[in-house]
Structures are given as C-alpha cells and as structure tokens.
Amino acid sequence: MNKINFSNESVKQFIVDNFLFGDADKLAVDTHLFEKGIIDSTGVLELVAFIEENFNVTVSDDELVQDNFSSLIAIEKFLQSKNNQAS
Amino acid sequence: MCGISGILNLKNPAPINPSHLKQMTYALSHRGPDETGAYVDDWVGLAQSRLSIIDLSGGSQPIHNEDKTLWIVFNGEIFNYPEIRESLLNLGHKFYTTSDTEVILHLFEEKKEKCLDDLNGQFAFVIWNAVTKEFFAARDRVGILPFYYKLEKDKLIFASEAKAILEVSESEPEFDPIGLDQIFTFWTNLPGRTAFKEINDLPPGHYLEFSPTRPLKIKPYWSLSYSENLVTENKTIPDFVNEISVLIKDSIRIRLRADVPVGSYLSGGLDSSGTTAFVKKYFNNDLRTFGITFQEESFDESEFQNLMIKLLNTNHSEVHATNEDIGKYFSDIVYFGEKPIIRAAPAPLYLLSKKVREEGYKVVLTGEGADEIFGGYNIFKETKVRKFWSVDPASQLRPKLLQKLYPYIFKDKRLAQTLQAFFKLGINEPNNPFFSHIVRWNNNLRLKNFFSEDLKQQIGDYNPFDELKNILPKDFDNWNYVYKAQYLEIITFMSGYLLSSQGDRMAMANSVELRVPYLDHRIIEYMATVPARFKIRGLNEKYLLKKVFKDLLPAQITNRPKNPYRAPIKSSFIDNKSFDIKTILSQEEIKKAGVFDIFKVDLLLKKADRNQTLSELDNMALAGILSTQFLYNHFMNNNNFSIPDNYNFNTFIDKRNQTK
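The shown structure was predicted, so the numbers you read here are calculated from the model rather than taken from an experiment.

**A closer look at the overall build of chain B**
Then, number 1: Per the secondary structure count, chain B includes 30 helices and 18 strands.
Then, number 2: For 660 residues, the compact-globule estimate of 2.2 N^0.38 gives 26 Å, and the C-alpha radius of gyration of chain B, at 25 Å, lies within 12% of that figure.
Then, number 3: Based on the C-alpha atoms only, the size of chain B along its principal axes is roughly 80 × 60 × 50 Å.
Then, number 4: Here chain B holds 660 residues, and 64% of them are scored as buried.
Then, number 5: At a minimum sequence separation of 6, the contacts of chain B that also span at least 24 residues come to 74%.

**As for helix α2 (residues 81-90) of chain B**
All names here are of chain B.
Then, number 1: Buried within α2 are the following residues: Tyr81, Ile84, Arg85 and Leu88. With its buried residues spanning 100° around the axis, α2 presents them on a single face.
Then, number 2: Where α2 is buried, its residues contact β5 (70-78), α3 (100-111) and α4 (115-118).
Then, number 3: At the exit of α2 stands Gly92, carrying a positive phi of roughly 100°.

**Comments concerning the interface of chain B and chain A**
Then, number 1: Each partner contributes residues to the interface: chain B has 20 residues there, and chain A has 18 residues.
Then, number 2: When the buried area of chain B at its contact with chain A is split by residue, Phe388(B), Leu397(B) and Arg537(B) rank highest and sum to 29% of it.
Then, number 3: For the pair chain B and chain A, the interface holds four salt bridges.
Then, number 4: Residue Lys547(B) pairs with Asp17(A) through a salt bridge whose shortest N-O separation is 3.8 Å.
Then, number 5: When contributions to the side of chain B that touches chain A are tallied by element, the ones reaching two or more residues are α15 (378-390) and α24 (543-548) of chain B.
Then, number 6: Of the residues belonging to the side of chain B that touches chain A, the class tally is eight nonpolar, four polar and eight charged.

**Some thoughts on the pairing of strand β7 (residues 134-139) of chain B**
Residues and elements named next belong to chain B.
Then, number 1: The element β7 is extensively covered by neighbouring structure, given that five of its six residues are classed as buried.
Then, number 2: The pairing of strand β6 (residues 121-129) with β7 spans six bridges and is classified as antiparallel. Note on β7: the bridge partner recorded for Asn129 is Glu134.
Then, number 3: As paired strands, β7 and strand β11 (residues 206-211) are joined by four bridges and run antiparallel to one another. Across the sheet, residue Phe135 finds its bridge partner in β11, namely Phe210.

**Looking at the pattern of salt bridges**
Residue and element names in this part refer to chain B.
Then, number 1: Here the structure, examined in full by the defined rule, presents 50 salt bridges over all chains.
Then, number 2: In this structure, Glu489 engages Arg440 in a salt bridge whose closest nitrogen and oxygen atoms are separated by 3.4 Å. In this pair, Glu489 is assigned in helix α21 (residues 481-508) and Arg440 in helix α18 (residues 438-444), connecting sequence segments 49 residues apart.
Then, number 3: Three or more residues joined by partner-sharing salt bridges are found here, namely Arg31, Glu161, Lys163, Glu338, Asp504 and Arg505.

**Thoughts on unusual backbone geometry**
Residues and elements named next belong to chain B.
Then, number 1: Between Gln61 and the following residue, Pro62, the backbone shows a cis peptide bond with an omega angle of -5°.
Then, number 2: Checked against the element boundaries, Pro62 lands in the loop between β3 (44-50) and β4 (63-64).
Then, number 3: Despite not being glycine, Lys112 shows a phi value in the positive range, around 50°.
Then, number 4: When its relative accessible area of 41% is taken as the criterion, Lys112 is described as partly exposed.

**Focus on the nonpolar core**
Then, number 1: Leu116(B), Phe125(B), Ile248(B), Phe374(B), Leu544(B), Leu585(B) and Leu622(B) are the most contacted members of the largest nonpolar core, which has 190 residues in total.
Then, number 2: At 16 residues, the largest contribution of residues to this core is made by α21(B).
Then, number 3: With residues near it in sequence (within four places) discarded, Ile248(B) still touches Phe278(B), Phe374(B), Tyr518(B), Ile523(B), Leu545(B), Val548(B) and Phe549(B).
Then, number 4: In this structure, Val16(A), Leu45(A), Val48(A) and Val57(A) belong to the second largest nonpolar core, which totals 44 residues.

**Describing a negative patch on the surface**
Then, number 1: A grouping of Glu66(B), Asp67(B), Glu109(B) and Glu110(B) is seen on the molecular surface, where their side chains present a negatively charged patch.
Then, number 2: With respect to the secondary-structure elements, Glu66(B) resides in the loop between β4 and β5.

**Here we look at the confidence of the model for chain B**
Then, number 1: The pLDDT averaged across chain B works out to 92; a share of 98% of its residues lies at or above 70.
Then, number 2: Per the prediction output, this complex has pTM 0.93; the corresponding ipTM is 0.77.

**Comments concerning helix α10 (residues 302-312) of chain B**
Residue and element names in this part refer to chain B.
Then, number 1: Taken together, the buried positions of α10 are occupied by Ser302, Phe304, Gln305, Met308, Ile309 and Leu312. Down the axis of α10, the buried set is contained in an arc of 165°. They therefore lie on one face. Residues of α10 that are exposed and angled more than 90 degrees away from the buried face: Glu303 and Lys310.
Then, number 2: Against the buried residues of α10 lie α9 (270-283), β14 (288-294), β15 (315-321) and α25 (555-558).
Then, number 3: Once α10 finishes, Asn313 follows within two positions and takes phi at roughly 55°, a positive value.

**What to know about the environment of Gly37(B)**
Residue and element names in this part refer to chain B.
Then, number 1: Tracing the sequence through the fold places Gly37 in strand β2 (residues 35-40).
Then, number 2: When the C-alpha positions of Gly37 and Leu21 are compared, they lie 9.5 Å apart, and in sequence the two are 16 residues distant.
Then, number 3: Not counting chain neighbours up to four residues away, the residues in contact with Gly37 comprise Leu46, Ala47, Gln48, Gln61, Pro62, Phe649 and Thr651.

**A word on the packing of aromatic side chains**
The description of an aromatic ring pair uses the distance of the two centres, along with the angle that the planes make with each other.
Residue and element names in this part refer to chain B.
Then, number 1: By the definition in use, this model includes 49 aromatic pairs over all chains.
Then, number 2: Centroid distance Tyr335 to Phe635: 5.5 Å. Interplanar angle 10°. Geometry classified as stacked. One end of the pair, Tyr335, is in helix α12 (residues 330-337); the other, Phe635, is in helix α30 (residues 616-635), and 300 residues separate them in sequence. Accessibility assignment for this pair places Tyr335 and Phe635 in one class, buried.

**Digging into the sheet that holds strand β13 (residues 262-265) of chain B**
Residue and element names in this part refer to chain B.
Then, number 1: The parallel open sheet is built from five strands, whose spatial order is β15-β14-β13-β16-β17. Where the open sheet ends on each side, the last strands, each with one partner, are β15 and β17 (513-515). The average undirected angle you get between the axes of adjacent strands in this sheet is 30°.
Then, number 2: Across three bridges, the pairing between strand β16 (residues 363-365) and β17 is parallel. When the bridges of β17 are listed, Leu365 appears paired with Arg515.

**Concerning the packing of α2(B) against α3(B)**
All names here are of chain B.
Then, number 1: Between α2 and α3, whose axes approach to 10 Å, the crossing angle comes to 45°. As the angle between them shows, α2 and α3 are arranged oblique. Of the two elements, α2 crosses α3, and the hand of that crossing is left-handed. Of the residues in α3, those in contact with Tyr81, Ile84, Arg85 and Leu88 of α2 are Asp100, Val103, His106, Leu107 and Glu110.
Then, number 2: A class-by-class count of the residues in the contact of α2 with α3 yields five nonpolar, one polar and three charged.

**Description of the sheet that holds β2(B)**
Either a parallel or an antiparallel arrangement is found when strands of a sheet pair, and the pairing is made through backbone hydrogen bonds.
Residue and element names in this part refer to chain B.
Then, number 1: Read from one edge to the other, the open sheet built from seven strands follows the order β10-β8-β9-β1-β3-β2-β18, with strand pairing classed as mixed. One side of each edge strand has no neighbouring strand; the edge strands of this open sheet are β10 (200-201) and β18 (651-654).
Then, number 2: Here strand β1 (residues 2-9) pairs with strand β9 (residues 155-159) via five bridges, running antiparallel. Bridge pairing in β9 places Asn9 opposite Lys155.
Then, number 3: Of the strands in this sheet, β1, β2, β3, β9 and β18 touch helix α1 (residues 18-27), which is tilted by about 150° from β1.

Conventions and cut-offs
- Residues numbered from 1 in each chain as written.
- Chains lettered and ligands numbered in written order.
- Predicted model: local features only at pLDDT ≥ 70, side-chain atom pairs only at ≥ 80, totals over all residues.
- Heavy atoms only, no water.
- Helix = DSSP H or I, 4+ residues; strand = E, 2+ residues; numbered from the N terminus.
- Rg over C-alpha atoms; globule rule 2.2 N^0.38 Å.
- Buried < 20%, exposed > 50% of the residue type's maximum accessible area, 1.4 Å probe, protein only.
- Contact = heavy atoms within 4.5 Å.
- Arc of directions from axis to C-beta.
- Buried area = accessible area lost by both parts, 1.4 Å probe.
- Salt bridge = Lys/Arg side-chain N within 4 Å of Asp/Glu carboxyl O.
- Nonpolar A, V, L, I, M, F, W, Y, C, P; charged D, E, K, R; others polar.
- Pairing = 2+ DSSP bridges.
- Core = buried A, V, L, I, M, F, W, Y, C linked by side-chain atoms within 4.5 Å.
- Patch = residues over 30% accessible without salt bridge, like charges linked within 9 Å, V, L, I, M, F, W, Y side chains within 5 Å.
- Areas by Shrake-Rupley, 256 points an atom, 1.4 Å probe, with all protein chains shown as cover.
- Lys, Arg positive; Asp, Glu negative; His and termini not counted.
- Charge placed at Lys NZ, Arg CZ, Asp CG, Glu CD.
- pLDDT = per-residue confidence, 0-100.
- Phe/Tyr/Trp six-rings, centres within 6.5 Å; stacked < 30°, edge-to-face > 60°.
- Axes fitted to C-alpha atoms, helices over the stretch in contact; angles between N-to-C directions.
- Parallel < 35°, antiparallel > 145°, perpendicular 65-115°, else oblique.
- Left-handed = near helix turned anticlockwise from the far one by under 90°.

So this is what it looks like as structure tokens:
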C-alpha cells in the first residue's frame, strides 16, 4: 500500500464517478490511469477540464502530457507545482 | 385545465355580444370539453371552457367572491390551494365551492397582485372587479400555460389560444414578419410576440392590469435569477442531494392532488423514470403510465421503457408512432400549436395524449423541465467544452474534447477539421452573452435563406439578437457561463417550444392536462443557487438528479447516455405515401402564403427526393416550411367555422345594463 496521502478527494471522486462508474476499489493513489485503461486520450481532456473548473488553474498544451495526469499522485504534484507558480 | 377567453372595453362601456364569447369558447372546446360559462356586464365579457379536475360538480366558472364584486375565469391548477384556503378561512373568507379557482379570488382580495407570490402552480387567469372596473390577468412563472391578447379598437381581446382571438377579431389574420424571423432563429418567439400580427403573448411571470383611470400595464412579478451564495458554497454534494430530494418529493405530492386519477408519462429517460418511481414508491402503488415507441429504430427508447415498466410494475399503455402517422397528423398539430415548428417531435406527443384520453385519463405527470433546471442538455456540455477551449483558442488538444460530446459526427476523420471549425465560432469571445448558443443560432440563420424576398423586405434590418440582449437581466454578465446557457434555454426553448408547441398544446389538443413536477418554482429557485460545477460534474450531465434517483433506479437508467427526444422528419414527409407533399408545397401554395421563395422550396424538395438522407438543416427547413404553410391554411386562408345552433353556455351570468 502506498502511504502518500491524496488530498483532493473531489478529483478522486470525479474519476470514480466518471471513468470507473462507481468502482472505487480499482483506484489507488498510484494506480496508473492510462496503463490500466481507466482514462483514454479524450478522457484526459475531460479530467483537465474538470481540474480547471474546480481548482482555478489553466493547463497549457505543453503541460497536457500523460506524466502530469498519470495517477492521483501525479495530479497532486502537478497541482502543487501550479500553485507554487501562482504564488 | 381549461380555456379562458373574453373581451374588455378599454374606453367606454359598450355592449359585448355574448355570441362573440360563444365563438371563443367554441374555438377552445378541446381545452375544456366538460362545460362552459360566461359573465357579461357593460365593460367586460369573461368566458371559460372547462375541463373538470378539482371540485367536479361545484367548480363551474366564472366564480365570484362573497358579495359578487369580483369575478374570475381560470385556466390551470394551484397545487397548494388547500393550505392557502385554510389560511383564508382563518381570515374570515367564505367559500361556496371547494375549487382552487375560488382560492385565487379570495387571495387576490387580500393581497392584490402579491397573491401571485403565494401560488404554486401552472396558471393563467383573469379577475374582474365589477365595482372599480379593474381588470387583472396573470400567467404562471415559466409559461406552462398560455395567455394571448390583442388590442383592437378600444377593446382588449384575450384567450388561452390565438385561434379564439382570431375568431372575433375584425381584422384579417396575418403573419408577423418579426415573429417569423424569431421562430426561424430561436425555434420560438421571444417573450411577448407570436407568429400572428398584433396578437401578443403575455410573457411568463408577468401580469397585466387595467382600469378606466389607469392605462394598460404589463409588469413582471417573478424572474429567473442565478447566484451562488455563500450558503450553497459551503454545502456538500450529499446536502444538495438530500435537499433536492425533499423538494421533488413534495412537488410530486401536491401535483397528485386532483378529483380524477393522475397518470404519468414514462419515456425510459432519467427524468420521467425518476418521477414515476417516486410516485410509485411514496404515493400511489397502482400507477397508470403512458409512453411512446417509434417505428424508426434510431428514435426508439423501448428498451429502457420496458425495463422501467417491468421494474415498477405499472399498468402501462403505449402508442407506436409510425412515420405515416407523424405525417398524417402534422397539419392538426400545427392547428393546435399555432406556430411554425422546425421539428416533428410534437407529433408523437399529440398521439400520446390522444391515447391517454382514450384510456379515460385527463391528467398526467411529465418529466419536462429537468434538463433545463438540472443541466441535462448537450448544449450545456458543449458550452463547457467550448469554454475550456476558449482558455487557449490556439490549442490543438482542447477542441478534441468535442469528440467526447459528439462521437458520431466526429467519426469521419476527414470531417473532423471542418466540424472543429464549426464549433470554433465565437471562441474568442467567451464573455459574449450568447457564447453558449451562438453556434446553434448562427446555424439556424441559414433557415432564413428560404424566406421570400418580400418577407425579407418586411423584416428589414430587425435583429433578433439585439432584442434578446435587451431583455437579459441586469447582472447577466456576471453569471457563470452555464447559468447563462440555462437562462437562455429556459426563456426561449423551454417556455416557447417545449412547454407550448410540444407541451400544453399537444396535451390540450386531446383535453389532457400535463403537470410538470420539475418546474415547481421552489425547485427552480433552489437550483438557481447550486454552483454550476455540481450540476454538470465534468461532462456528467444532471449529476445531482442522478444521485437523487440512485437508489430508486437501475444503473442502466442513471448511467445511460442521454438521447435527445426527436421524431423523424424526412421519412415522415417525403417517403410517406399518404402525405402529399408535392401538393402541399406546390408553387401555387407557396406563392399564396408569400412566406418562402418558390424556387428554393422547389430545390429543397428535389434534393429530398434525390437523396437518401437530408442534413439536419434541410430537415429543419422542411418542417419549418411545411408547418408555416399549414398555419397559413388553417388561419389565413380559411373562413371562420360556424358553431352549432344549440351551443349554449352552461352558466351564463348577465349583468348588462346594471353597471353603468
């Protein structure tokens, strides 16, 4: 089990609702969203749209790479770095 | 429900001919086949065609107050009337019926126009003060029920449907060029206007007042306004779900109040499945349901409907909408709808209400309004995607999200670029008030290419978007973009088309009353404070409503992709042997009505003959042209119908020569 906490519960809930249709068991903080087939290329745009709407950030085309959204932890890191940029 | 009509003298007392009132009630007899009544004095004539639902034996109209100074004719239902009645009894009011109509009258005595704030329902009514000669007319908040009027030679003529006004009007009916321009832009008129010259519609949420000492005035008493306040900001999703659930349950509870049985439409979509499941679980285990199936598979929802019927075990009846029937009844539905329509979708609902009536039912619940209030339509999601794109209009990746929304049309890789360009319109102006609808409305403008040169000239440089801009709320620019889209959809499509052309008119054509639980104003007002991001979570539409029904409905229903309700156009009108489109749209006919360009219509017909399928725009044009031609034939190319000799009012109150 990975011990790193994932603080953005709403991102997790969004992925569970939207891509796993309620199957919360299939999503750990380090589950690879692409390798496990949870999110596809259109799906990542949905996720980014959700993040922009709820976290007041803007994601550029350059940042729109798999690495930034590959797992809940990656998303958390990405959001933190965006916050640091902003502050 | 019912039909109301009447005539008011605006300057001086003058005889009002009761036979004019008879012509009007007769023209509205489909709205109220059970009985008729009228009140006449030297200033006013009020008439009513009644469909008896509450207080079957005692509720005959017009109804008066204790001293017979106030008189009312009423179309609709006040669902919270028992509670209001109780409080009025405590204030000393005396009632001679158990109807909701009488409750409005006494509440008006107490509070004048402020009575409207207390009414929970769907209504249009007129109250006449025989002493002060004050005339008061009002229409419900979102326009579930209609009210039209015309000013003619110091008279106000009013009615539930325009046809009753046309019956007694001295001038010949004509199309309103501006009215047509609006319909071919927004699919309906903007509030206030109709397809007929000089016939006005009292906008939803407005009242009209007049007395000989004060000029006629039209004022709003309710308007839709969105704001996320701090209270809702701190709420969690379960809070919203619980509160919405309580509201919907209560809305349904009071909408089951009737002295006749209430049935329910069941389409197999989320909205009607949800209300039906609520009724079944909490209120009536012996529920009667009604649904439509389609001959054409791509429009049919039987699979989901059958799932729900089986699950809820309701006594269900269905109508099978064949393409032949859609063509066959199209002329009739235009007669009842009184407006050009660019869709065929009202037709199956006409067939459905016919079935309801044949089965002995007068009242049904429907799921209308949920998409507008809870955020269900694709246009809202499209707005979110385009807003996402507008953050970086040069992005190559962002527009690809459109594919998620419209996978079918993006399937063809060669077309993908063109389609993307189509949706890019206005992307650099995310603050444009019409950002959400600009793609759709701009596309509709092409329909106006079919207008005749003569009509184009009459329309001149009128711009429907400017008019719409002028009626937007003052703080509109500050609203969230999803709120803006909801607002625009509600005041145009919902009030003018969904509740009217496809709603009230199609039901009342067969003397059936629709009740719409999702449009209880408590729900509308509550949802107007819920942050947009919870309504559509990502691109998951009606997110909160799905949660409300989660435990009541199977996942196949709550998770199913939403299909827009539609009916086939080309196959109903072109490939229909019993529908003679060549005669209906002959050059002679087109020329007579004068609305469309003869050659363009001819080319469209040739194209329809030649091609297997038609584009969306061509289909809309076809329905729009056909319905306009039918409208012309019903109302502008026709003599008034004669009423039978033995047609008389069941109740006739004659106060002429008493009130001068």
